[in-house]
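What follows is the residue order along each chain.
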Amino acid sequence: MSKLRTVGIVLYDEVEVMDFAGPFEVFSTASRMSEGARPFEVSTVAREPRVRARGGLVVMPTATLEERSSFDVLLIPGGVVDAELERSDVLDWIERASRTAEITASICTGAFFLTRLGLLDGLRVTTHWEDADALEKAWPQLRVDRDARFIDNGRIVTSAGISAGIDMALHLVARLEGEALAIKTARQMDYAWRREGS
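A brief structural summary. Bear in mind the structure is a predicted one, so any value in this text is a computation, not a measurement. (Residues numbered from 1 in each chain as written. Predicted model: local features only at pLDDT ≥ 70, side-chain atom pairs only at ≥ 80, totals over all residues. Heavy atoms only, no water.)

Along its length, the chain carries six helices and 11 strands. Taken against the 2.2 N^0.38 rule, which gives 16 Å for 198 residues, the C-alpha radius of gyration of the chain at 15 Å falls within 12% of a compact globule. Counting only C-alpha atoms and orienting by the principal axes, one finds that the chain spans roughly 45 × 35 × 30 Å. Counting only residues that meet the buried cut, the chain has 54% of its 198 residues in that class. Look at the contacts in the chain between residues 6 or more apart in sequence, and 65% of them connect residues 24 or more apart. Just so you have it, the chain exposes about 9,100 Å², and 48% of that area is on carbon and sulfur atoms. With 24 positive and 31 negative side-chain charges, the chain shows a spacing of 3 Å between the two charge centroids. (Helix = DSSP H or I, 4+ residues; strand = E, 2+ residues; numbered from the N terminus. Rg over C-alpha atoms; globule rule 2.2 N^0.38 Å. Buried < 20%, exposed > 50% of the residue type's maximum accessible area, 1.4 Å probe, protein only. Contact = heavy atoms within 4.5 Å. Areas by Shrake-Rupley, 256 points an atom, 1.4 Å probe, with all protein chains shown as cover. Lys, Arg positive; Asp, Glu negative; His and termini not counted. Charge placed at Lys NZ, Arg CZ, Asp CG, Glu CD.)

Following this line, the structure appears as structure tokens:
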């Protein structure tokens, strides 16, 4: 029987909508498609009880950072991250939550959070193609792969921009619950899953 895993997606003002909504859809659809016990419980978490995503979409997270402290799978989406990277409470929360998470993954510029915390040091990583130079310049100790759709380093996973987060999330479903469920999930979403990561 499947183990129920909690999936937490961190939100913040100016977060990229598909960066969080795509993986949210993958994990929630995988739970619907599972023939056994529900494998994933997906939540969103943010510093404030209301977030204004890119394009002006207003989102009410499931919980605030004060209300939830840990998840089995922790996802950090990208967007306009400059202001959030200066919030020590957000960085501290991500650092603490990543310690106990089975997997911590970033989508797009979410990699900047993990890099700021030293979680990507020495790893081959990826991010949105437009931000690869900035990531490499700021943290030369990283090996930034501009061509990878996603890169699985075990406990740490990074993906390229926006829609690549869907491919990465499907990869995580396959890794945690089997490829058959990931294929079924992609089919239900009517999504052409690009399975190649790096």
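What follows concerns the pattern of salt bridges. One pass over the full model with this rule turns up 15 salt bridges. Here E102 ties to R5 by a salt bridge, and the two come within 2.9 Å at their closest N and O atoms. Of this pair, E102 sits in the loop between α2 (88-100) and β7 (103-107) while R5 sits in strand β1 (residues 5-11), and the two are 97 residues apart along the sequence. Note on E102: relative accessible area 29%, which makes it partly exposed. A relative accessible area of 10% means that R5 is categorised as buried. (Salt bridge = Lys/Arg side-chain N within 4 Å of Asp/Glu carboxyl O.)

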